[in-house]
Amino acid sequence: MARAREFDTEAAVSRAMELFWARGYEGTSVRDLTRHLGIGQGSLYAAFGDKDGLYRAALEHYRTTFAAAALRSLDEGADARSAIRTMLVERVRIAVEHDGRGCLLINAACERVPEDAATRRTVRDVLGASQEALAEVLRVAAERGEIAARHDPHTLAAFLVTFLNGLLVSSKVTPDQRALEPLVEVALATLD
């Protein structure tokens, strides 16, 4: 009879996400994971298959927590410009934490793509969802006259997502929120 799992897999995935975020996929060994999670190698393999399976679970956890929170924040602003500003500034704040660890998904794309097709799909799906959410916010804002209607909302959303990705990479090089936040205002000028 199989033994019941003796650890909380959700908590393990969350802790693994933090370790992968800090060190990257290649910089994190199975030994690092088992020590950090406080589980044996056999338990890790039984629960996740292998390091790659745990990495996939960590990316998915990031998607359902941090990435989902960014999308929810778009619905919370009084107007499109302030909602987008808040979302961008909050992403910068999170990225510069812990001496500039950046964004786990963008880090994954930089480290694992193009060789890792599954990581490419995950990152592409999250970026696509972000772009669609932004396009809808921008479409409604243009209809209300909150922003200029001179740009296609999908093109503008693609620009903002691309800008944010670059900003998240820059946060690893310059983990200084005060230096990066003014760039958000430059990007928001495209809404005029």
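This section reports on the structure supplied with the text.

Conventions we followed
- Residues numbered from 1 in each chain as written.
- Predicted model: local features only at pLDDT ≥ 70, side-chain atom pairs only at ≥ 80, totals over all residues.
- Heavy atoms only, no water.
- Helix = DSSP H or I, 4+ residues; strand = E, 2+ residues; numbered from the N terminus.
- Buried < 20%, exposed > 50% of the residue type's maximum accessible area, 1.4 Å probe, protein only.
- Contact = heavy atoms within 4.5 Å.
- Areas by Shrake-Rupley, 256 points an atom, 1.4 Å probe, with all protein chains shown as cover.
- Axes fitted to C-alpha atoms, helices over the stretch in contact; angles between N-to-C directions.
- Parallel < 35°, antiparallel > 145°, perpendicular 65-115°, else oblique.
- Left-handed = near helix turned anticlockwise from the far one by under 90°.
- Nonpolar A, V, L, I, M, F, W, Y, C, P; charged D, E, K, R; others polar.
- 1 Å grid on protein atoms, 1.4 Å probe; cavity = no way out; pocket = protein on both sides within 12 Å on 5 of 7 lines; lining within 4 Å.
- Points joined across faces, edges and corners; volume = space filled by probe spheres on them.
- Phe/Tyr/Trp six-rings, centres within 6.5 Å; stacked < 30°, edge-to-face > 60°.

Here we take up the overall build of the protein chain. A count of helical and extended segments in the protein chain gives nine helices and zero strands. Each helix and strand of the protein chain, placed in order from N terminus to C terminus, yields the pattern α-α-α-α-α-α-α-α-α. Principal-axis analysis of the C-alpha atoms gives the protein chain an extent of 65 × 35 × 30 Å. Within the span of the protein chain, comprising 192 residues, buried residues form 41% of the whole. In the protein chain, the share of contacts with a sequence separation of at least 24, taken over all contacts with a separation of at least 6, comes to 67%. In the form shown here, the protein chain has an accessible surface area of approximately 9,900 Å², with 52% of it arising from carbon and sulfur atoms.

The N-to-C vectors of helix α5 (residues 80-100) and helix α8 (residues 153-173) enclose an angle of 20 degrees; their axes lie 9 Å apart at closest approach. Our classification of the angle between α5 and α8 gives roughly parallel. The handedness of the crossing between α5 and α8 is right-handed. Listed contacts from α8 to Ile84, Met87, Leu88, Arg91, Val92, Ala95, Val96 and Gly100 of α5 are Leu160, Phe163, Leu164, Leu167, Leu168, Ser171 and Lys172. The class makeup of the residues in the contact of α5 with α8 is 11 nonpolar, two polar and two charged.

Moving on to empty space enclosed by the protein. Under the counting rule described, the total for this entry stands at two cavities of 30 Å³ or more. Within this model, the largest cavity holds a volume of roughly 260 Å³. Along its surface, the largest cavity is lined by 23 residues, and Ala70, Arg91, Ser130, Leu164 and Leu168 are the ones closest to its centre. Looking at the lining of the largest cavity, the elements that each hand over two or more residues are α4 (51-74), α5, α6 (104-112), α7 (117-144) and α8. Across the lining of the largest cavity, the residue classes tally to 19 nonpolar, three polar and one charged. Approximately 40 Å³ is the volume found for the second largest cavity. Every residue lining the second largest cavity is listed: Phe20, Trp21, Gly24, Tyr25, Tyr55, Leu104, Asn107, Ala108 and Glu111. Elements with a contribution of two residues or more to the lining of the second largest cavity: α1 (9-23) and α6.

Here we take up the packing of aromatic side chains. In this structure the tally under the stated criterion is seven aromatic pairs. Summarising the aromatic geometry, the rings of Tyr62 and Phe66 are spaced 5.2 Å apart at their centres and angled 20 degrees between planes, so their arrangement reads as stacked. Highlighted residues: Tyr62 and Phe66, both in helix α4, separated by four residues, approximately one helical turn. For Tyr62, a relative accessible area of 4% translates into the label buried. Relative to Phe163, the ring of Phe159 has its centre 6.4 Å away and its plane inclined at 25 degrees; by these criteria the two rings are stacked. Taken together, the positions of Phe159 and Phe163, both in helix α8 and four residues apart, correspond to about one turn of that helix.

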